[in-house]
Amino acid sequence: MGLIVNVARDDDRIRAVLLVGSRANPSVPRDKYQDYDITYFVKDVKPFYNNIEWIEKHFEKPAILQMPETMSLVPPENNGHFAYLMIFDDGNRIDLNIVDKPYVDNGEPAVVLVDKDGILPPLPAPTDKYWHIKPPSQKLFADCCNEFWWCLNNVGKGIARDELPYAMKMYNEYVRNMLDKMIEWYIGFNTDFSVSAGKFGKYFKKYLPENLYAMYSKTYSDSNYENFWNSVFTACSLFHTVALRVAEYGCYIYNQSEEDAMIQYLSKIKNDLTLRRS
């Protein structure tokens, strides 16, 4: 942190420094793997654009480096911003964003480290309230349920056709996203919407009852189709459990008929495969 601040103080072109991310969030447990999410505010980004020599001079050579603005995989918007994502030999990671635009406070936890000209607004003491789970509307709840049950048809067909990559993609991206969303709402209602489940549900284990988290862990599968089917039906059972509880808590209407129809459809596919093998 001293290095990050001193580089900024010694370079007249850098006018302010902001810390965001997990290190700015007092609710996140501290460990040595936390990134330094840093923004340098400058008047002109151009001198810092793809300037590896400047990075190596002040921070040393990164062991591995990514510069999103130079990549063609997902072309970024080159609009007054340049990022150096760096891991160094000692294990430290710095995500250094260099911008020439004013800072807009969106409520995300942030700490001012340097402000030479008073260009950053007064910021409240950081909390993780910005990340707290928010309750759904009836429409959002119903849409989540419909998406979960509907997308399972593609998982079943993928298994039946022996299209493992497709089936896994549909299951672990589309279906799981809806399962995770419902679990977040379940956690939200059980904590008065006062916590965050973490990025990609990384705090599920902390906030779910032990039996539900055990079920959730069994929704992951290897490439064996029998195990895959087991994980799918476990996901169905878990979704049913938490969705009904969320519906009860929030006085939402749960469409049991779409669940029944999809379970019947998946069971038919699985039975067809069993008959085919025999």
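Quick summary incoming for the structure in this document. (Residues numbered from 1 in each chain as written. Predicted model: local features only at pLDDT ≥ 70, side-chain atom pairs only at ≥ 80, totals over all residues. Heavy atoms only, no water.)

### What to know about the pairing of strand S2 (residues 36–42)
Within S2, 7 of the 7 residues are buried, which leaves the element mostly enclosed by the surrounding structure. With burial as the criterion, each face of S2 is covered, one bearing Tyr36, Ile38, Tyr40 and Val42 and the other bearing Asp37, Thr39 and Phe41. Here S2 pairs with strand S5 (residues 93–99) via 6 bridges, running parallel. Bridge pairing in S5 places aspartate 37 opposite aspartate 95. (Buried < 20%, exposed > 50% of the residue type's maximum accessible area, 1.4 Å probe, protein only. Helix = DSSP H or I, 4+ residues; strand = E, 2+ residues; numbered from the N terminus. Pairing = 2+ DSSP bridges.)

### Some thoughts on the layout of surface pockets
Approximately 1000 Å³ is the volume attributed to the largest pocket. Looking at the largest pocket, it is lined by 38 residues, and the ones nearest its centre are Trp131, Ser196, Gly198, Lys199 and Lys202. Looking at which element gives the most residues to the lining of the largest pocket, the answer is helix H4 (residues 164–190), with 7 residues. When its residues are assigned to classes, the lining of the largest pocket shows 15 nonpolar, 12 polar and 11 charged. (1 Å grid on protein atoms, 1.4 Å probe; cavity = no way out; pocket = protein on both sides within 12 Å on 5 of 7 lines; lining within 4 Å. Points joined across faces, edges and corners; volume = space filled by probe spheres on them. Nonpolar A, V, L, I, M, F, W, Y, C, P; charged D, E, K, R; others polar.)

### With respect to unusual backbone geometry
Although it is not a glycine, glutamate 60 adopts a positive phi angle of roughly 80°. Inspection of the secondary structure assignment puts glutamate 60 in the loop between helix H2 (52–59) and strand S3 (64–66). Residues other than glycine seldom take positive phi values, yet cysteine 251 does so here, at roughly 55°. With respect to the helices, strands and loops of the structure, cysteine 251 is situated in the loop between helix H7 (225–250) and helix H8 (256–277).

### Focus on the sheet that holds S2
As a general point, the strands of a sheet are linked pairwise by backbone hydrogen bonds and lie either parallel or antiparallel. Read from one edge of the open sheet, 6 strands run S3-S4-S5-S2-S1-S6, paired in mixed fashion. One side of each edge strand has no neighbouring strand; the edge strands of this open sheet are S3 and strand S6 (111–115). Strand-to-strand twist of the sheet, defined as the mean angle between neighbouring strand axes without regard to direction, takes the value 20°. Across the face of the sheet, helix H1 (residues 2–10) comes into contact with strand S1 (14–20), S2, S5 and S6 while running at roughly 5° to S2. Packing of H2 onto the sheet brings it into contact with S1, S2, S3, strand S4 (81–87) and S5, and relative to S5 it is tilted by some 130°. (Axes fitted to C-alpha atoms, helices over the stretch in contact; angles between N-to-C directions. Contact = heavy atoms within 4.5 Å.)

By themselves, these are just geometric observations and shouldn't be taken as functional.
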